[in-house]
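If you want the building blocks of each chain, they are given just below.
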Amino acid sequence: MQTRRSFLGAAALGLFAFPIAARAQGFETAKIIVGFPPGGTTDVMGRKLADKLRGAYARSVIVENRPGAGGQLGVTALRDSPADGSTLLLTPSSMLTIYPHTFKTLQYKLEDVAPVSLAMYTPHVLSVGPAVPDSVKTLKEFFAWAKANPDKAAYGSPGAGSMPHLIGVLLTKAGGADLRHAAYRGSAPGIQDLLGGQIASFLGPAGDVIAHSKAGKVRVLGVSGKERDAFLPAVPTMREQGFAIALREWYAFFMPAKASADAVQRASAALQQAIAQADVAEFGRQFGMEMQSSSPRQLADVLKADAAEWSGLARETGFTADS
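Residues numbered from 1 in each chain as written. Predicted model: local features only at pLDDT ≥ 70, side-chain atom pairs only at ≥ 80, totals over all residues. Heavy atoms only, no water.

1. Describing empty space enclosed by the protein
Just so we agree on the cut-off: Here a cavity means grid points, on a 1 Å grid over the protein atoms only, where a 1.4 Å probe fits yet cannot get out; a pocket means an open set of points with protein on both sides within 12 Å along at least five of seven lines; lining residues are those with an atom within 4 Å of a point. Grid points are joined across faces, edges and corners, and a volume is the space filled by probe spheres set on the points. Helix numbering and strand numbering both begin at the N terminus, where a helix is a DSSP run of H or I of at least 4 residues and a strand a DSSP run of E of at least 2.
This model, assessed by the stated rule, comprises 2 cavities of 30 Å³ or more. Within this model, the largest cavity holds a volume of roughly 160 Å³. Secondary structure elements with two or more residues in the lining of the largest cavity: helix 2 (41-53), helix 4 (94-97) and strand 9 (248-256). Looking at the lining of the largest cavity, the element that brings in the most residues is helix 2, giving 3 residues.

2. Some details on helix 7 (residues 163-175)
Definition in use: Helix span, as expected, comes to 1.5 Å for every residue beyond the first. Exposure classes here rest on a 1.4 Å probe applied to the protein chains alone. A residue is buried below 20% of its type maximum, exposed above 50%, and partly exposed in between.
Here helix 7 contains 13 residues, and its C-alpha end-to-end distance of 18 Å stays within 8% of the 18 Å for a straight helix at 1.5 Å per residue. Counting buried residues along helix 7, 10 of its 13 residues qualify, which places the element largely inside the surrounding structure. Within helix 7, the full set of buried residues consists of Met163, Pro164, His165, Leu166, Ile167, Gly168, Val169, Leu171, Thr172 and Gly175. Looking one or two residues beyond helix 7, the residue adopting positive phi is glycine 176, at roughly 75 degrees.

3. Looking at the packing of helix 6 (residues 139-148) against helix 7
Just so we agree on the cut-off: Axis geometry follows a simple rule: fit a line to the C-alpha atoms, using only the stretch in contact for helices, then measure angles between N-to-C directions, giving values from 0 to 180 degrees. Our angle categories are set so that under 35 degrees counts as roughly parallel, over 145 as roughly antiparallel, 65 to 115 as roughly perpendicular, and the remainder as oblique. We call two residues in contact when some of their heavy atoms are within 4.5 Å. Residues are grouped as follows: nonpolar covers Ala, Val, Leu, Ile, Met, Phe, Trp, Tyr, Cys and Pro; charged covers Asp, Glu, Lys and Arg; every other residue, Gly included, is treated as polar.
For the pair helix 6 and helix 7, the least separation of the axes is 10 Å and the interaxial angle reads 75 degrees. Put simply, helix 6 runs roughly perpendicular to helix 7. Residues Leu139, Phe143 and Lys147 of helix 6 form the contact with helix 7, whose own contacting residues are Leu171, Thr172 and Gly175. In the contact of helix 6 with helix 7, the residues fall into 3 nonpolar, 2 polar and 1 charged.

4. Topic: helix 10 (residues 261-275)
Residues that lie three or four places apart on an α-helix share one face, since the helix turns once every 3.6 residues. Convention followed: Note that the arc is defined by the directions from the helix axis to the C-beta atoms.
Taking 1.5 Å per residue as the helical rise, helix 10 with its 15 residues ought to reach 21 Å, and the 21 Å between its terminal C-alpha atoms agrees with that figure. Along helix 10, the residues classified as buried are Ala263, Val264, Ala267, Ser268, Ala270, Leu271, Ala274 and Ile275. Burial along helix 10 is one-sided: seen end-on, the buried residues are contained in an arc of 165 degrees. Helix 10 presents Ala261, Asp262 and Gln273 as exposed residues on the side facing more than 90 degrees away from its buried surface.

5. Let's talk about the confidence of the model for the chain
Stated formally: A score between 0 and 100, pLDDT records how confident the predictor is in each residue.
Averaged over all residues, the pLDDT of the chain equals 90, while 92% of them reach at least 70. Of the regions scoring below 50 in pLDDT, residues 3-25 engages in 41 contacts with residues more than four places distant in sequence or in other chains.

6. Some points on the side chain of aspartate 306
Under the convention used in this document: Neither His nor the chain ends is counted toward charge; the positive residues are Lys and Arg and the negative residues Asp and Glu. Definition used for salt bridges: Asp or Glu carboxyl oxygen within 4 Å of a side-chain nitrogen of Lys or Arg. Pairing of N or O atoms within 3.5 Å defines a polar contact, subject to two protein rules: one partner must be a possible hydrogen donor and the other a possible acceptor, and residues neighboring in sequence count only if both atoms are side-chain atoms.
Within the fold, aspartate 306 resides in helix 12 (residues 296-317). Comment: no salt bridge for buried aspartate 306; closest opposite-charge side chain is arginine 248, at 9.4 Å. A distance of 2.7 Å separates the side chain of aspartate 306 from the side chain of tryptophan 250, its partner in a polar contact. Beyond its immediate sequence surroundings of up to four residues, aspartate 306 is in contact with Thr97 and Trp250.

7. Let's talk about the packing of aromatic side chains
Note the following rule: Aromatic contacts are taken between Phe, Tyr and Trp rings whose centres are within 6.5 Å, Trp giving its six-membered ring; a plane angle under 30 degrees counts as stacked, one over 60 as edge-to-face, and the others as tilted.
Evaluated as defined, the whole model comprises 7 aromatic pairs. Taking 5.8 Å as the distance between ring centres and 35 degrees as the angle between the ring planes, the aromatic pair formed by phenylalanine 143 and phenylalanine 243 counts as tilted. With phenylalanine 143 in helix 6 and phenylalanine 243 in the loop between strand 8 (219-223) and strand 9, this residue pair connects regions lying 100 residues apart in the sequence. By relative accessible area, phenylalanine 243 is classed as buried at 6%.

8. A few points about the pattern of salt bridges
Inspection of every chain in the model, using the stated rule, returns 14 salt bridges. Salt-bridge contacts for lysine 31 lead to glutamate 64; the nearest nitrogen and oxygen are separated by 3.1 Å. Of this pair, lysine 31 sits in strand 1 (residues 27-34) while glutamate 64 sits in strand 2 (residues 58-65); the two residues are 33 residues apart in sequence, bridging distant segments of the chain. By relative accessible area, which is 22% here, glutamate 64 ends up partly exposed. Two residues, aspartate 112 and lysine 109, come together in a salt bridge whose shortest N-O distance is 3.6 Å.

9. As for the nonpolar core
What counts here: Definition used in this section: a nonpolar core is a set of buried Ala, Val, Leu, Ile, Met, Phe, Trp, Tyr and Cys residues joined via side-chain atoms within 4.5 Å.
Within the largest apolar cluster, 52 residues are counted, with the highest numbers of intra-cluster contacts made by Ile32, Leu53, Phe253, Phe254 and Met255. If near-sequence neighbours (up to four positions away) are discounted, phenylalanine 253 is found in contact with Ile32, Leu49, Leu88, Leu89, Leu90, Ala114, Pro115, Val116, Ser117, Ala119, Leu271 and Leu299. In this structure, Ile98, Val132, Leu139 and Ala153 belong to the second largest nonpolar core, which totals 27 residues.

Laid out in structure tokens, this is it:
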């Protein structure tokens, strides 16, 4: 089974390099912007799909990490990139569907991006590390511990104003404990603090903790989706544990808004072909991802509907990036 470490190591050694003699049908070089540090789910899946696009879409396809502001810098980097089809952004939905309603000001707007294709879906999970006693095995037990230990009661997320942050706010209100929120520059640094005991819990994509859970380094207490995660079948959903939460996040590819319809369609076709490959689906499952592509129009419809829904939820809950 290919692990996150072995995949990244192979990429670093150039084992996925496209043969020199081959001739790509498109760009000499294309890049996929990821608004998070190396090692997280978005980065790893971006590198896997870059491998699949190499040769078919461009001779060379690289991943460019632009971490910062909870993924916002990735979106602004795309907005300012050439609109010739050589630059794509792979991003979770939060940056485009939730952030416009949770931040007072943003450096970008929905009109700055052109939808290309869906890529994958994932639930988020609440995990605890060595800072929390081994006896804590459920969400209710965690909140009981948090009430008894207010100085240690905190949770991290990949970014302020994101879906994991919102899930944390909803859980905190329902659980009746005052959990402090710590926003990280993506999941990778937050997971490191979780493993080191610097923070009690972390909310983020399931794929970021599956390997650590199997190794016994963290305990996953709840899954945010409607159903249990296939790679964490013993972990009940949050809804099963009495919390009215049933959310999962989609990830998708975008181009700068000024990209031509032909450029968008060509990239979408290449991505749909890549995402449909059996080894990509299997690789995604290892990281808790359900792979699913779409046409640009389908993604545009999903984006519009979700942005409208999150606008209503933000008003109803009063949730902001400062919550």
